[in-house]
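# Descriptive analysis of the structure
Residue strings, one per chain:
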Amino acid sequence: MTPDTKIRCWRLQDQTQSLVLAADGDQLPEIVYWGPRLPDASDLSMLALAARPDVTGGILDAVPPLSICPEARRSFPGHPGLSLRDDTGAVLLPRFSFHDAKDADNELTLIYRDADLGLDYQAIFTLTPSSGMIVARATLESTRPIGVQWLAPPVFPAPQNSQEMIDFHGRWIGEFQVSRTPWAPGARLRDNPTGRTGHEHFPGLIVPCNGATNTQGQAYGFHYGWSGGHRMVAEELPDGRRQIQWGHASGSYREAATRFETAPLYAVFSDAGINGCATAFQRHLRDSVLKLPTPDRSRPVHYNCWEAVYFDHDHDTLCDIASRAAELGAERFVLDDGWFGQRNTDTTSLGDWTINHEKYPGGLMPLINHVHACGMTFGIWVEPEMVNPDSDLYRTHPDWILGDADQLLGRQQLALNVALPEVQAYLYDHLAALLSAHPIEYVKWDHNRVLPEPDHRQAMAVYALIDRLRANFPTVEFESCASGGGRIDFGILSRTHRVWLSDSNDPLERLRIQHEAALFLPMVVTGSHVGPRICHTSGRATDIRLRAWVAAQRHMGFEMDPRELTKDEAQVLREVTTWWKANRSWLQQADILRLDSDDPAMIAELQRAAEADRFVVFAGLSESSTQILPRPLRLCGLDPDAKYEIRLLNRDDAPALSRGTPLLKTDAATLSGQYLMHQGITLPWTFPQSIWVIEGTRL
Ligand code: GLA
């Protein structure tokens, strides 16, 4: 660059952060600063100049920019931001130049052009000050059809004062497991070929800066809001710089086209520990992504009959169960799998969306009427994207499936090619008929197998199908389920209203899964059910108190057969449900803050009301501690100068082996935020596999 080359600069900022982009002349810009808010008078060009790296031996004579779309053509020494071919298969190496920029009201649009190749690249950044979330997207337009192997939303640099990155893997009944990978030269690649978000690959990343914990330090968080399977590249370049790229999984773009668009990348900077990332994701999802039909309505307590009856649907039994569920406090009854076709096992009938008249001789209305008479609303399970080979649909339309006829089955089923117009029409018509003929206000939408190969058209087609149903049935809520938590992302959650976080109703498993998922998900979307006494997926027996309180941490429901409950268990469940209902109006708006527990056996969180005038702490002891006495539990997110009254809500649960007199066993305590955050709460000794619930009120 010559000394008088113009530097183009742009800034996005809110009360807490600034993000600065700068470009030499017409080149694509780099994010040259992203962190705590800069002084208003900052000279952005100076900042760009000051950050210009040196050049040393053995490298090029200038350092290629780590731009928002690193270009291979400019000798970029790492993974490029896009990868294209023309219709002859020849590689296209664009070299973009500035074309236009629009900078208004927290939204920045940058348009760059390669006139020779006929390509327009557009990057859009949107900042939502109420959550601090930056949403970044990219589009690519071409004057002629081209093939895209890779297109990243705007590329972010990763901090260099960071030792590791945290991302997520998992499995059925074991979602949201944490992987920590040290930064090292080279790339960490997560490429998800399953065609759905997947248990195995949640599209999220946390990059803590040195010393960051849940409650302190700086951290960056990312989430790719896409349901078709993502690819993440977190790379340390040979020169030490680091970049983070997201996009659709390899092979997702199946056809040449003239327009491509990434899914939104959600990016957040936190000066308040990893919790700052978590609360930004929670708030942004709840307040800006989620579109509840009736946002002011409290989330109803669910009853789901799956683990009570499975495929064995009998009118009288279901009515008995519904009556009991309502008496326990349920407000919505969800009829799960088994009501349609010849669906007596999971080997048959997906695709045949007509009521099974042997199980329901009078149709569904007698059951629905009973559910209504119990004071509950009615919801129903469907799995529209799938078909069993043993179904009338498959026998009639074997050509409607995605992939080869002899592909491996998953749960004895195949995926339909939802992008085919005739499949869209079939599914829309059958679902619309079901919703038109019955007062159904909730649909649990399942997706129980991976796709044979990734194909972004499938996810787009499913989005279109749900969007059309929602437009025509605007009062119906949808739940995203995929064998539990296999399709959880902000893309599906911009058109659904709840996720079935896991098929594990084991409260110990749930305690952990919920804790990790809270990095991204608020209470209001996170379904959590009280399961059977002996868990059907772990074989573990747990106390009703633990089961009930763990469900009460999120959007509460029941899924056991209520006929198995003893009087005592039913009473505990009623009491916890009553507590949840009395508190849900503020819990739905609360931030979930993960506590830095000093005892690895304890998984604890604090839910703080939006007005910060009250909170509740759930402290679950997942196993026996190694030390004798409970370590003090340090809280967070309180006003150090304020006084709080804290009360151990379930102090009567203290076992006889708690022989001492910690204050909270008998009385409330009034303590400063400073004390509670620095010293912490002294809890009574308790059994492993139990949970303390502590309420706090600001005085
Ligand atoms: C999936 C879901 C379960 C249940 C079954 C029904 O496994 O995750 O909750 O709905 O399907 O077949």
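Residues numbered from 1 in each chain as written. Predicted model: local features only at pLDDT ≥ 70, side-chain atom pairs only at ≥ 80, totals over all residues. Heavy atoms only, no water.

## Considering the packing of helix α10 (residues 544-552) against helix α11 (residues 567-587)
Look at α10 against α11: their axes get within 9 Å of each other, and the N-to-C directions meet at 20°. When the interaxial angle is binned, α10 and α11 end up roughly parallel. Remark: the crossing between α10 and α11 carries right-handed chirality. Residue-level inspection shows Ile544, Arg545, Arg547, Ala548, Trp549 and Ala552 of α10 in contact with α11, the latter providing Asp568, Glu569, Val572, Leu573, Val576, Trp579 and Trp580. Taken together, the residues of the contact of α10 with α11 break down into nine nonpolar, no polar and four charged. (Axes fitted to C-alpha atoms, helices over the stretch in contact; angles between N-to-C directions. Helix = DSSP H or I, 4+ residues; strand = E, 2+ residues; numbered from the N terminus. Parallel < 35°, antiparallel > 145°, perpendicular 65-115°, else oblique. Left-handed = near helix turned anticlockwise from the far one by under 90°. Contact = heavy atoms within 4.5 Å. Nonpolar A, V, L, I, M, F, W, Y, C, P; charged D, E, K, R; others polar.)

## Quick word on the sheet that holds strand β34 (residues 669-672)
An order of β30-β31-β32-β35-β33-β34 is seen for the six strands of this open sheet, with the pairing classed as antiparallel. The open sheet has two free edges, formed respectively by β30 (591-594) and β34, since each of these has just one partner strand. Ignoring which end each strand starts from, the neighbouring axes of this sheet average 25° apart. In the packing of helix α9 (residues 507-517) onto the sheet, contacts are made with β30, β31 (602-608), β32 (614-621) and β35 (690-698), and the angle to β31 comes to roughly 50°. (Pairing = 2+ DSSP bridges.)

## Remarks on helix α2 (residues 273-289)
Here α2 contains 17 residues, and its C-alpha end-to-end distance of 23 Å stays within 8% of the 24 Å for a straight helix at 1.5 Å per residue. Counting buried residues along α2, 14 of its 17 residues qualify, which places the element largely inside the surrounding structure. (Expected span 1.5 Å × (residues − 1). Buried < 20%, exposed > 50% of the residue type's maximum accessible area, 1.4 Å probe, protein only.)

## Some details on the domain arrangement of the chain
Split by domain assignment, the chain resolves into domain 1 (7-288), domain 2 (301-388 + 419-585) and domain 3 (595-698). Put simply, the middle of domain 1 and the middle of domain 3, counted by C-alpha atoms, are 39 Å apart. Summed over both partners, the interface of domain 1 with domain 3 buries about 330 Å², with 36% contributed by carbon and sulfur atoms. Scanning the region where domain 1 abuts domain 3 turns up zero salt bridges. Summed over the shared surface of domain 1 and domain 3, the result is three residue pairs in polar contact (both at pLDDT 80 or more). Here the side of domain 1 that touches domain 3 is composed, by residue class, of no nonpolar, four polar and one charged. (Domains from an automatic or database assignment. Buried area = accessible area lost by both parts, 1.4 Å probe. Salt bridge = Lys/Arg side-chain N within 4 Å of Asp/Glu carboxyl O. Polar contact = N/O pair within 3.5 Å; in protein donor to acceptor, adjacent residues only side chain to side chain.)

## Some remarks on the site of the ligand
Not every one of the 13 residues close to the ligand is listed here, only the nearest: Asp336, Asp337, Arg411, Lys444 and Asp503. Interatomic distance of 2.9 Å between a side-chain N/O atom of arginine 411 and an oxygen atom of the ligand. One of the side-chain nitrogen or oxygen atoms of asparagine 448 is found 3.3 Å away from an oxygen atom of the ligand. Contact with the protein chains covers 97% of the free accessible surface of the ligand, which is 310 Å². A breakdown of the residues in the shell around the ligand according to their chemical character gives four nonpolar, three polar and six charged. (Near = heavy atom within 4 Å. Areas by Shrake-Rupley, 256 points an atom, 1.4 Å probe, with all protein chains shown as cover.)

## Focus on the sheet that holds strand β16 (residues 230-236)
Here four strands make up an open sheet; going across it, the order is β10-β17-β16-β13 and the pairing antiparallel. Edge positions in the sheet fall to β10 (156-157) and β13 (186-191), since each has one partner strand and no second. Of the pairings in the sheet, the one linking β13 to β16 comprises six bridges and is antiparallel in character. Looking across to β16, one finds that leucine 189 is bridged to valine 233.

## Some details on unusual backbone geometry
The backbone phi angle of isoleucine 173 is positive, close to 55°, even though this residue is not glycine. Secondary-structure assignment places isoleucine 173 in the loop between β11 (164-171) and β12 (174-182). The exposure class of isoleucine 173 is buried, given its relative accessible area of 13%. Of note, the phi angle at arginine 411 is positive, near 45°, even though the residue is not glycine. Take arginine 411: it is sitting in the loop between α6 (392-396) and β24 (414-415).

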